[in-house]
Amino acid sequence: MKTGNKKKGITMKIIMLGAPGAGKGTQAKMIAEKYTIPHISTGDIFRANIKEGTELGNKAKEYMDQGLLVPDELVVNLVVDRLTWEDAKNGYVLDGFPRTIPQAEALTAALAEKGEKVDYAIDIDVPDQNIIDRMGGRRACVACGATYHIVNIPPKKEGFCDKCGAELILRDDDKPETVKKRLDVYHEQTQPLIDYYTAEGVLKEVDGTVDMMDVFNAIVQVLGA
Ligand code: ADP
Ligand code: ADP
Ligand code: ZN
């Protein structure tokens, strides 16, 4: 026997960075499936809360509709708690969190308490102009959250989800004016995380302008499996 604990310490704690519409959700879903780790999307959590009409959902909606970030205090505890679930013990792919330096610091601190750290911060790089084009064409399933693009990644049957058959809609915050605001917010508050995770030694950049599967292959290379 070489060691009795060869798997010990091998985890995949991944965060996805990139502008709104860069493809974080699209890639995170594929990563989660390939590595059997949960996909944790703060945007999905907020949208589920909005749909259910919870207090958190009502509060979050005020910000989301304006293209603004939901305040850190409404996000951080929610995520830190989610990471303690049993399914997250070997890793996870965080999509849409952290989005500000204080969120990143809170995550680092919460992980450090358990002697852990983020293993990979994958930045999907896409220029602003491509983003504007992508967001207008994004369609999301009302039931299962799957995402499509009317031109780039169309569903088999127009207007309906391939996975569950439910209706596809344009998100309220994907209207052009709101997308512009979200991009400004991204550059101001989220882009600094690229330097933060570079300093932590875990940043990996991939070109997000290429075909969805080519982006995925580049990510798999980075993850080394
Ligand atoms: P996208 O991936 O297109 O940027 P998300 O689904 O990640 O969109 O997020 C939608 C909205 O939810 C954001 O514009 C923001 O208002 C809110 N949100 C999601 N995650 C966070 C977060 N970590 N901090 C603050 N606000 C967030
Ligand atoms: P994010 O989670 O970063 O906001 P999404 O994964 O929702 O981004 O992708 C935004 C839009 O772009 C969606 O309509 C999606 O289908 C489309 N998309 C994702 N990846 C690509 C790609 N590599 N090329 C073209 N379109 C893409
Ligand atoms: Zn669906």
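Just so you know, these numbers come straight off a predicted model, no measurement behind them.

(A) Just the confidence of the model for the protein, in detail. Mean pLDDT over the protein stands at 93; residues scoring 70 or higher make up 96%. Under a pLDDT of 50 for its full length, residues 1-7 has, in the predicted model, zero contacts with residues more than four places off or in other chains.

(B) Summary view of the sheet that holds strand S6 (residues 147-149). Spatially, S6-S5-S7 is the arrangement adopted by the three strands of the open sheet, whose pairing is antiparallel. Among the strands making up the open sheet, the edge pair consists of S6 and strand S7 (168-169). For strand S5 (residues 138-141) and S7, the ladder comprises two bridges, and the chain directions are antiparallel. The residue of S7 that forms the bridge with Ala-140 is Ile-169. Sitting on the sheet, helix H6 (residues 128-137) is in contact with S5 and S6, with an inclination near 40 degrees to S5.

(C) Spotlight on the nonpolar core. In this structure, Ile-14, Ile-31, Ile-122 and Tyr-197 are the most contacted members of the largest nonpolar core, which totals 52 residues. Counting residues in each nonpolar core, the second largest holds six residues, with Cys-141, Tyr-148, Cys-161 and Ala-166 among its members.

(D) Examining empty space enclosed by the protein more closely. In the structure shown here, the tally under the stated rule is two cavities of 30 Å³ or more. In this structure, the largest cavity encloses a volume near 40 Å³. Surrounding the largest cavity, Thr-108, Leu-111, Lys-117, Val-118, Tyr-197 and Glu-200 form its lining. Tallied by class, residues from the lining of the largest cavity come to three nonpolar, one polar and two charged. Here the second largest cavity defines a volume of roughly 30 Å³. Forming the walls of the second largest cavity are Val-80, Leu-83, Ala-110, Leu-111 and Lys-114. Grouping the amino acids of the lining of the second largest cavity by side-chain chemistry returns four nonpolar, no polar and one charged.

(E) Representation of the site of ligand 2 within the structure. Close contacts around ligand 2 come from 20 residues, with Gly-21, Thr-26, Arg-138, Tyr-148 and Val-210 the closest. Separating an oxygen atom of ligand 2 from a backbone N or O atom of Lys-24 is a distance of 2.8 Å. The backbone of Gly-25 places a nitrogen or oxygen atom 2.8 Å from an oxygen atom of ligand 2. Protein chains bury 93% of the 560 Å² of accessible surface belonging to ligand 2 in isolation.

(F) Representation of unusual backbone geometry within the structure. Note the cis peptide between Phe-97 and Pro-98, where omega equals -5 degrees. Mapped onto the elements, Pro-98 comes out in the loop between strand S3 (91-95) and helix H5 (101-112). Unlike most non-glycine residues, Thr-36 shows phi in positive territory, near 50 degrees. For Thr-36, the location among the structural elements is in the loop between helix H1 (24-35) and strand S2 (39-41).

(G) Looking closely at the site of ligand 1. Not every one of the 20 residues close to ligand 1 is listed here, only the nearest: Thr-42, Leu-68, Arg-99, Arg-138 and Arg-182. Here Gln-103 contributes a side-chain N or O atom positioned 2.9 Å from a nitrogen atom of ligand 1. Protein contacts shield 97% of the accessible area of ligand 1, which totals 550 Å² for the unbound molecule. In terms of residues, the shell around ligand 1 owes the most to one element, helix H2 (residues 42-52), which gives four residues. Looking at the shell around ligand 1, its residues break down into eight nonpolar, five polar and seven charged.

Procedures and definitions
- Every chain is numbered on its own, with residues counted from 1 as its sequence reads.
- As they are written, the chains are lettered A onward and the ligands numbered 1 onward, keeping that order.
- With pLDDT at 70 or above as the cut-off, local features in this predicted model cover only qualifying residues; side-chain atom pairs require 80 or more to be listed or tallied, and sums for whole chains, interfaces and linings still use all residues.
- Side-chain numbers here rest on the full set of heavy atoms in the structure, without hydrogens or water.
- The quantity known as pLDDT measures the predictor's confidence residue by residue, on a range of 0 to 100.
- Residue contacts are counted whenever heavy atoms from the two residues lie within 4.5 Å of one another.
- Two strands pair if DSSP finds at least two bridges between them.
- Only DSSP runs of H or I covering at least 4 residues are called helices, and only runs of E covering at least 2 are called strands; the numbering of each starts at the N terminus.
- Simply put, an axis is a line fit to the C-alpha atoms, just over the touching stretch for a helix, and the angle between two N-to-C directions goes from 0 to 180 degrees.
- Buried Ala, Val, Leu, Ile, Met, Phe, Trp, Tyr and Cys residues that are joined via side-chain atoms within 4.5 Å together make up what is termed a nonpolar core.
- Here's how the labels work: a residue is buried when its accessible area is under 20% of the maximum for its type, exposed when over 50%, partly exposed in between, all with a 1.4 Å probe on protein chains only.
- Think of a 1 Å grid over the protein atoms and nothing else: a 1.4 Å probe that fits but is trapped marks a cavity, an open set flanked by protein within 12 Å on at least five of seven lines marks a pocket, and residues with an atom within 4 Å of a point count as lining.
- Grid points are joined across faces, edges and corners, and a volume is the space filled by probe spheres set on the points.
- Gly is put with the polar residues, along with every residue not named as nonpolar or charged; the nonpolar set is Ala, Val, Leu, Ile, Met, Phe, Trp, Tyr, Cys and Pro, and the charged set is Asp, Glu, Lys and Arg.
- It suffices for a single heavy atom of a residue to lie within 4 Å of a molecule or strand for the residue to be listed as near it.
- Polar contact is the term for a pair of N or O atoms within 3.5 Å; when the atoms are in protein, one must be able to donate a hydrogen and the other to accept it, and sequence-neighboring residues count only if both atoms are side-chain atoms.
- Here the open area of atoms and residues is found with the Shrake-Rupley method and a 1.4 Å probe, where only the protein chains shown may cover a residue.

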